[in-house]
Amino acid sequence: FTKIFLETFEKASKNSIDNNLNSFKIKELPEKLTSCAGIAFVKDGYPFSRAYELAESLCRHTKDIAKASEKQDKGFVPSGFTFYKVSTNIAGDYNAIKETELASKDGISLCFGPYGVGKHASKLPSFDNLDELSKTLNKEGMPTGSIRKLITTLYSSSVNAKADFERILQVLNGKGKEKIAGDLKSQLVNLTDDKNEPLWSTDKSAPFLRRSPLLDAQRLCELSLKTGGVI
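Computed from a predicted structure; not experimentally measured. (Residues numbered from 1 in each chain as written. Predicted model: local features only at pLDDT ≥ 70, side-chain atom pairs only at ≥ 80, totals over all residues. Heavy atoms only, no water.)

A.B. asks: Hey, could you go over the overall build of the protein chain for me, with residue numbers and the actual values?
C.D. replies: Check the secondary structure of the protein chain and you find eight helices and six strands. For the protein chain, the succession of helices and strands along the chain, N to C, is α-β-α-β-α-β-β-α-α-α-α-β-β-α. Against the compact-globule benchmark of 17 Å for 231 residues, the protein chain has a radius of gyration of 19 Å, which places it among compact chains. Expressed as lengths along the three principal axes of its C-alpha atoms, the size of the protein chain is roughly 65 × 40 × 40 Å. A burial count over the protein chain gives 42% of its 231 residues as buried. Pairs at least 24 apart in sequence give 66% of the contacts found in the protein chain among residues at least 6 apart. Carbon and sulfur atoms make up 53% of the accessible area of the protein chain, which amounts to about 13000 Å² in all. In the protein chain, the 34 positive side-chain charges and the 29 negative ones have mean positions that sit 2 Å from each other. (Helix = DSSP H or I, 4+ residues; strand = E, 2+ residues; numbered from the N terminus. Rg over C-alpha atoms; globule rule 2.2 N^0.38 Å. Buried < 20%, exposed > 50% of the residue type's maximum accessible area, 1.4 Å probe, protein only. Contact = heavy atoms within 4.5 Å. Areas by Shrake-Rupley, 256 points an atom, 1.4 Å probe, with all protein chains shown as cover. Lys, Arg positive; Asp, Glu negative; His and termini not counted. Charge placed at Lys NZ, Arg CZ, Asp CG, Glu CD.)

As structure tokens, then:
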């Protein structure tokens, strides 16, 4: 819903500006408007104030990174969003969550968003690419238990995580699931842009910080299953 909303907002704002404002010849009037969002997934009964605070901080995180994108396409801040599924009762500001729940022992962050949508989002990780990865994680034959174990291992050891990932690929290939194995690796590369270590990318603004999209892809897969595949 959010992906479609943000893309439609871009198109609708352009049509509105073209039809209603261009005749006024306003100096530096933008061609269109872009927008950012934050989504907090919480359980029934979760305190509304905390959920609202988290959603606002997710949106703020999205805006900060979107505005800092290098070489913005035609000067537009890209549309995008960040999402997070609350698994504890102490979640609050997203900055605190990034430093605690989403940080591994050896410098890997499982915060990979925000994800870009719309016409000017080439400098952000693509939500469409994340969606494709999540669908691959949901394919028949994918060892879902091993994927969950891999995510847990990412928190403790990048060396062991690399070994676990290679083992998953070997198991898939050994069971005649070469297509799934190839999709899993290539779709990770589409997000991380690293063929040698597809599990994570290196943040150019912080060379020692590696980021992995795997947790987000798994969360998206779980959400898709809970909503009957409609995402």
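From this point, the narrative continues.
A.B. asks: Before we move on, can you summarise the side chain of lysine 32 with the specific residues and values?
C.D. replies: Note on placement: lysine 32 falls in the loop between helix H1 (2-20) and strand E1 (36-41). Engagement of the side chain of lysine 32 in a polar contact is seen with the side chain of histidine 120, the distance being 3.3 Å. Apart from residues no more than four positions distant in its own chain, lysine 32 is found in contact with Glu10, Ser13, Lys14, Ile17, Phe76, Lys119 and His120. (Polar contact = N/O pair within 3.5 Å; in protein donor to acceptor, adjacent residues only side chain to side chain.)

A.B. asks: I'd love a proper account of the pattern of salt bridges, names of residues and values included.
C.D. replies: Taken as a whole, this structure holds twelve salt bridges when the rule is applied. Here aspartate 183 ties to lysine 179 by a salt bridge, and the two come within 2.8 Å at their closest N and O atoms. With a gap of four residues between them, aspartate 183 and lysine 179 both fall in helix H7 (residues 178-192), about one helical turn apart. Taking relative accessible area as the criterion, aspartate 183 reaches 13% and is therefore assigned buried. Of the charged contacts, one joins glutamate 222 and arginine 219 as a salt bridge, the two residues approaching to 3.4 Å between their closest N and O atoms. Of this pair, glutamate 222 and arginine 219 both sit in helix H8 (residues 214-226), three residues apart, which is roughly one turn of the helix. Taking relative accessible area as the criterion, arginine 219 reaches 22% and is therefore assigned partly exposed. Put simply, Lys3, Glu7 and Asp128 are held in one network by salt bridges that share partners. (Salt bridge = Lys/Arg side-chain N within 4 Å of Asp/Glu carboxyl O.)

A.B. asks: Pulling in residues and values, what's your account of the packing of helix H5 (residues 144-156) against helix H6 (residues 158-174)?
C.D. replies: Where H5 contacts H6, the axes come no closer than 7 Å and their chain directions differ by 160°. Comparing the axis directions of H5 and H6 gives the class roughly antiparallel. Two packed elements cross with a definite hand, and for H5 against H6 that hand is left-handed. Contacts between H5 and H6 involve Ser146, Ile147, Lys149, Leu150, Thr153, Leu154 and Ser156 from the first element and Ser158, Asn160, Ala161, Asp164, Phe165 and Ile168 from the second. When grouped by side-chain class, the residues that make up the contact of H5 with H6 number six nonpolar, five polar and two charged. (Axes fitted to C-alpha atoms, helices over the stretch in contact; angles between N-to-C directions. Parallel < 35°, antiparallel > 145°, perpendicular 65-115°, else oblique. Left-handed = near helix turned anticlockwise from the far one by under 90°. Nonpolar A, V, L, I, M, F, W, Y, C, P; charged D, E, K, R; others polar.)

A.B. asks: Mind laying out the sheet that holds E1, listing which residues take part and the relevant values?
C.D. replies: Taken together, the three strands give an open sheet; going across it, the order is E1-E2-E4, and neighbouring strands pair in mixed fashion. A strand with exactly one partner marks an edge of an open sheet, and here the two such strands are E1 and strand E4 (115-117). Sheet twist, expressed as the average angle between the axes of neighbouring strands with direction ignored, equals 25°. With three bridges joining them, strand E2 (residues 79-85) and E4 adopt antiparallel strand pairing. Among the inter-strand pairings, serine 79 is bridged to a residue of E4, identified as valine 117. On the sheet, helix H2 (residues 48-68) packs against E1 and E2 and is oriented at approximately 145° with respect to E1. Strands E2 and E4 of the sheet are contacted by helix H4 (residues 127-137), whose axis makes an angle of about 115° with E4. (Pairing = 2+ DSSP bridges.)

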